[in-house]
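The primary structure of each chain is shown beneath.
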Amino acid sequence: MTGSSARVSLVVAAALFFSSLLPVPAAAQTVSFARKDFPVGTNPITIAVGDFNGDGVPDLAVADEGSNNVAVLIGNGDGSFQPATFFPVGANPVWVVVGDFNGDRVLDLAVANINSNNVSVLLGRGDGTFQPGQVFPVGSLPTSLTTGDFNGDGKLDLVVANWNSYDISVLLGNGNGTFQPARSFASGVNPISPVVGDFNGDGIADVAVANYGNNNVSVFIGNGDGSFRPAVSFPTGTLPSAVAVGHFNGDAAQDLAVTNAMSNDVSVLRGNGDGTFQLPQNFPVGSAPLAVAVGSLNSDAIQDLVAANFSANTVSVLLGNGDGTFQAAQTFTVGTNPESVAVGDFNRDGVPDLAVANFGSNTVTVLLALRVATPAFSPPGGTYDRPQSVAISDATPGATIYYTTDGSTPTTASTVYTGPIAVTRTTTIKAMATANGMVSSSVATAVYTLRAATPTFNPPGGTYLVPQYVSISDASPGVTIYYTTDGSTPTTASTVYTSPILVVTTLGPTTIKAMAVAPGWSQSAVASATYTSGL
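What counts as what
- Residues numbered from 1 in each chain as written.
- Predicted model: local features only at pLDDT ≥ 70, side-chain atom pairs only at ≥ 80, totals over all residues.
- Heavy atoms only, no water.
- Domains from an automatic or database assignment.
- Phe/Tyr/Trp six-rings, centres within 6.5 Å; stacked < 30°, edge-to-face > 60°.
- Helix = DSSP H or I, 4+ residues; strand = E, 2+ residues; numbered from the N terminus.
- Buried < 20%, exposed > 50% of the residue type's maximum accessible area, 1.4 Å probe, protein only.
- Contact = heavy atoms within 4.5 Å.
- Polar contact = N/O pair within 3.5 Å; in protein donor to acceptor, adjacent residues only side chain to side chain.
- Pairing = 2+ DSSP bridges.
- Axes fitted to C-alpha atoms, helices over the stretch in contact; angles between N-to-C directions.
- Salt bridge = Lys/Arg side-chain N within 4 Å of Asp/Glu carboxyl O.
- Core = buried A, V, L, I, M, F, W, Y, C linked by side-chain atoms within 4.5 Å.
- Patch = residues over 30% accessible without salt bridge, like charges linked within 9 Å, V, L, I, M, F, W, Y side chains within 5 Å.
- Areas by Shrake-Rupley, 256 points an atom, 1.4 Å probe, with all protein chains shown as cover.

## Regarding the domain arrangement of the chain
By convention, interface size is frequently given as the accessible area that disappears when the constituent parts associate. Domains assigned within the chain are domain 1 (140-333), domain 2 (376-450) and domain 3 (456-533). Taking the mean C-alpha position of each, domain 1 and domain 3 sit 76 Å from one another.

## What about the packing of aromatic side chains?
Following the criterion strictly, the structure yields 20 aromatic pairs and no others. Consider the rings of Phe52 and Phe130, whose centres lie 5.5 Å apart with planes at 75°: the pair is edge-to-face. With Phe52 in the loop between β2 (44-50) and β3 (59-64) and Phe130 in the loop between β8 (118-122) and β9 (134-137), this residue pair connects regions lying 78 residues apart in the sequence. Judged by relative accessible area, Phe52 falls into the buried class, the value being 2%.

## Focus: the environment of Asp265
Structurally, Asp265 is set in strand β20 (residues 265-269). The class for Asp265 is buried, based on a relative accessible area of 9%. For Asp265, the contacting residues outside a window of four places in its chain are Val258, Thr259, Asn260, Asn282, Phe283, Pro284, Val285 and Pro289. Here Asn260 takes part through its side chain, which lies 2.8 Å from a polar atom of the side chain of Asp265.

## Concerning the sheet that holds strand β34 (residues 421-423)
Within the open sheet, the 3 strands sit side by side as β29-β31-β34. Their pairing is antiparallel. For this open sheet the edge positions go to β29 (376-378) and β34, each flanked by a neighbour on one side alone. If you compare each strand with its neighbour and ignore which way they point, the axes differ by 35° on average.

## Some points on the pattern of salt bridges
All chains considered together, the criterion is met by 2 salt bridges. A salt bridge links Asp37 to Arg35; the shortest N-O distance between them is 2.7 Å. Assessed through its relative accessible area of 35%, Asp37 is described here as partly exposed. Taking the shortest distance from any N to any O, the salt bridge between Arg386 and Asp385 comes out at 2.8 Å. With a relative accessible area of 40%, Arg386 lands in the partly exposed category.

## Describing the pairing of strand β31 (residues 388-393)
Burial along β31 is one-sided: Gln388, Val390 and Ile392 are buried, while Ser389, Ala391 and Ser393, pointing the other way, are not. In the sheet, β29 pairs with β31 via 3 bridges, with the strands oriented antiparallel. Bridge pairing in β31 places Ala376 opposite Ser393. Note: β31 against β34, 3 bridges, orientation antiparallel. Residue pairing across strands places Ser389 opposite Ala422, the latter belonging to β34.

## Details of the side chain of Asp64
Summarising the element assignment, Asp64 is placed in strand β3. A residue is classified by how much of its surface remains accessible, and Asp64, at 0% relative accessible area, is buried. Here Asp64 is in contact with Val40, Gly41, Thr42, Asn43, Pro44, Asn69, Val70, Ala71, Phe86 and Pro93, once residues within four sequence places are set aside.

## Thoughts on unusual backbone geometry
Across the chain, the bulk of peptide bonds are trans and the bulk of non-glycine residues have phi less than zero. Of note, the bond from Ser378 into Pro379 is cis; its omega dihedral lies within 30 degrees of zero at -5°. Within the secondary structure layout, Pro379 lies in the loop between β29 and β30 (382-384). Backbone torsion omega between Asn458 and Pro459 reads 0°, so that peptide bond is classified as cis. Looking at where Pro459 falls in the secondary structure, it is placed in the loop between β37 (456-458) and β38 (462-463).

## What to know about the nonpolar core
Residues Leu109, Val121, Leu145, Leu158 and Leu256 are the most contacted members of the largest nonpolar core, which totals 56 residues. Contact partners of Leu109, with chain neighbours within four places excluded, come to Phe52, Ala61, Val70, Val72, Val96, Val97, Val98, Phe101, Ser120, Val121, Leu122 and Phe130. Ranked by size, the runner-up nonpolar core spans 36 residues in total, among them Val390, Tyr417, Ala431 and Ala529.

## Some words on the environment of Phe346
Here Phe346 is to be found in the loop between β26 (338-344) and β27 (353-358). Taking the C-alpha atoms as reference points, Phe346 and Val366, separated by 20 residues in sequence, lie 8.5 Å from one another. Non-local contacts of Phe346, meaning those with residues more than four positions away in its chain, are made with Val49, Pro58, Leu60, Gly77, Asp78, Gly79, Phe81, Asp353, Leu354, Ala355, Val366 and Leu368.

## Thoughts on the sheet that holds strand β21 (residues 281-284)
Read across the sheet, 4 strands follow the order β18-β19-β20-β21 without closing on themselves; strand pairing throughout is antiparallel. Each edge of the sheet is formed by a strand with only one pairing partner; in this case those strands are β18 (240-246) and β21. Geometrically, the sheet is characterised by an average inter-axis angle of 25° between neighbouring strands, direction not taken into account. Where β18 and strand β19 (residues 255-260) come together, 6 bridges link them in antiparallel fashion. Bridge pairing in β19 links Gly246 to Asp255.

## Some thoughts on the pairing of β19
Counting buried positions over the 6 residues of β19 gives 6, a clear majority of the element. The pairing of β19 with β20 spans 5 bridges and is antiparallel. The residue of β20 that forms the bridge with Val258 is Ser267. Linkage of β19 to β20, two consecutive antiparallel strands, is achieved through a turn of 4 residues, within which Asn264 is found at a positive phi near 55°.

## Quick notes on a nonpolar patch on the surface
A grouping of Leu465, Val466 and Leu535 is seen on the molecular surface, where their side chains present a nonpolar patch of about 380 Å² in accessible area. Tracing the chain through its elements places Leu535 in the segment after β44 (527-532). The class for Leu535 is exposed, based on a relative accessible area of 86%.

Quick look at the structure:
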């Protein structure tokens, strides 16, 4: 039995016992997803997101433990993916990460091979394919790895958690896709899921790793030369299985989120900013959570959590409150035995989606976030010479529209749209919409510029043998007309038009110029008419 499958067996047994003790609380859903499944290799166990062919669309890389390869799924940009292409690696690959290891601005892959005690590095070709893997030895039963620059040379390095040797291996990158021999640093028992952060704010990369056998996380403070201080441990829940870094309470210090496979919860450890962490707050999720990821899943700029629940065949979404706490978990069904979850915008709608590796069903589940349609305005924004009655609509049934007319960004505290808006001056209307169980729409903006119509003269300019009374009118209601009779350009300091103007053409040509304006409106164009006698 491999180290990975042994860990899975232990987790499943624990989950069966504890699932009845820690039920997941029900929650009113505030996010929802459309599900799509895609076949990969045998026993997909971890998943990573990157753009492997340079088209600006997120792709997926999946470590298939049972088929000794990595499956690469090229994204189509609409939430779907092309059939998987497979690239061989070592024995029982269990973790895959993305990075540019040779500095060519093309993404590469690094894979931990648990039963060959090494890491495979596959250099990307930039077209979605990869060169054959190069192998670098590490410790005993490497379960997981991640990337960072641990010696400050601008080249990506690797850190690997070794399940059986109770340590982490650090491989400093040479910048050409190769790595220096591994250096080991002692961790706790059964380390897994290393993450990189700057936990003491000194600008040097640090590492945190879950110790599955000690019910804690070890934090390694970096020295900046590729070495680390001795690990300091902080308690978690029971059987910590994965770690993620985030800013959950809005301060400058980085925090940790840890899934606990036996206690069926996520521990959140708030950082103190000096490399230490507060005692964990635990938030229930599903049965046997084995992975955790961070993202603003409801697009409110507050970081949320998502956990993959191996025994429940679900993912749990915990929406953040912004103070380090989280709302009750919302649960979404995926494939069989989800082992890993990643966040990405797979249909490019500006809202994070989820991708889940399902160990037991040999699939990847993609959960596309459902978003309320963007509101529409009728008539559309533009320049008008009369007041407008603006209607706002939304294509999502049952959506509630919120709007502002002062140019500010609308929220759910803004005015609720109930009927057409009277626009009687130049106005910027912004609107957003919400619906139960969906991510709020993006903000729609329409600018209505009210510009006075150009004045008209009656009679029009021309040749007249007798005196004329010239009237000036304007099609825009409520405007004030200003005019001159000496050919100069009128301003709001000019004469206000109140009654017809006597023009005696026998005394010489007369040029009348007029413009119109109203409060909150743009000034009209200047109209001009010349009256002559023709003599």
